[in-house]
Amino acid sequence: ENNKSALISLKIFDTYGSNDKRKKFLTDLIETYKKNKSLNITAGKQYLDYVHINDLLKLILMIIKDIKLNKIKGFKSFTVSSKNPIRLVNLVKKLKKILSKNLKINIGKKKYRQNESVNPTLKIFNYPGWKPSHKLFNKLKEIFDGRINDI
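Residues numbered from 1 in each chain as written. Predicted model: local features only at pLDDT ≥ 70, side-chain atom pairs only at ≥ 80, totals over all residues. Heavy atoms only, no water.

Peer 1: Would you take a moment to explain the overall build of the protein chain for this structure?
Peer 2: Scanning the protein chain from N- to C-terminus turns up 4 helices and 8 strands. Written out in order from the N terminus, the α and β elements of the protein chain read β-β-α-β-β-β-α-β-β-α-β-α. Over its C-alpha atoms, taken along the principal directions, the protein chain stretches across nearly 55 × 35 × 20 Å. Evaluated residue by residue, the protein chain yields a buried proportion of 37% over its 151 residues. Long-range contacts, defined as pairs at least 24 residues apart, comprise 88% of the intrachain contacts of the protein chain with a sequence gap of at least 6. Total accessible area on the protein chain is roughly 10,000 Å²; 51% of this is exposed by carbon and sulfur atoms. A distance of 4 Å separates the average location of the 34 positive side-chain charges in the protein chain from that of its 12 negative side-chain charges. (Helix = DSSP H or I, 4+ residues; strand = E, 2+ residues; numbered from the N terminus. Buried < 20%, exposed > 50% of the residue type's maximum accessible area, 1.4 Å probe, protein only. Contact = heavy atoms within 4.5 Å. Areas by Shrake-Rupley, 256 points an atom, 1.4 Å probe, with all protein chains shown as cover. Lys, Arg positive; Asp, Glu negative; His and termini not counted. Charge placed at Lys NZ, Arg CZ, Asp CG, Glu CD.)

Peer 1: So what exactly am I meant to see when it comes to the pattern of salt bridges here?
Peer 2: Think of it this way: side chains of opposite charge can pair up when their charged atoms draw near. One pass over the structure, following the stated rule, counts 7 salt bridges. Measuring nitrogen to oxygen at the nearest pair gives 3.8 Å for the salt bridge that ties D14 to K24. Taken together, the residues span a long stretch of sequence, with D14 in strand β2 (residues 14-16) and K24 in the loop between β2 and α1 (25-34) at a distance of 10 residues. Ionic pairing is found between E142 and K139, a salt bridge with its closest N-O pair at 3.1 Å. Placement of both E142 and K139 in helix α4 (residues 136-144) is noted, with a separation of 3 residues, approximately one turn of the helix. (Salt bridge = Lys/Arg side-chain N within 4 Å of Asp/Glu carboxyl O.)

Below is the structure:
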């Protein structure tokens, strides 16, 4: 109710980066690849929407700057999306083409989790003037094949 202050809500779809240790699909995929093991996955119809962690940090700094300049007042809600969601199975297929060694994935060998959504979010409202600068497959190739240059 107080227009003198700003409150920002960010709906972050998913982030990735070279030092991510969270137990997530991408982390499992990287570990499987680096250890030359195989990984069972679902049929892969679900959509993933990845934003590099440094792009998220740039967004936060941009929002802080705009708050300091009084460009934002009141409550605002934004998404943090690449605007390029990709099906899990297509992500795996593309990675298989660009990586230095074989990515051993068994598609369709795992059941979907209960209540798992396979449809992409259609309502995307990214912060005005912000878009990710890191290209997903360029960064993933660096992370998978060991040439880490995040900044």
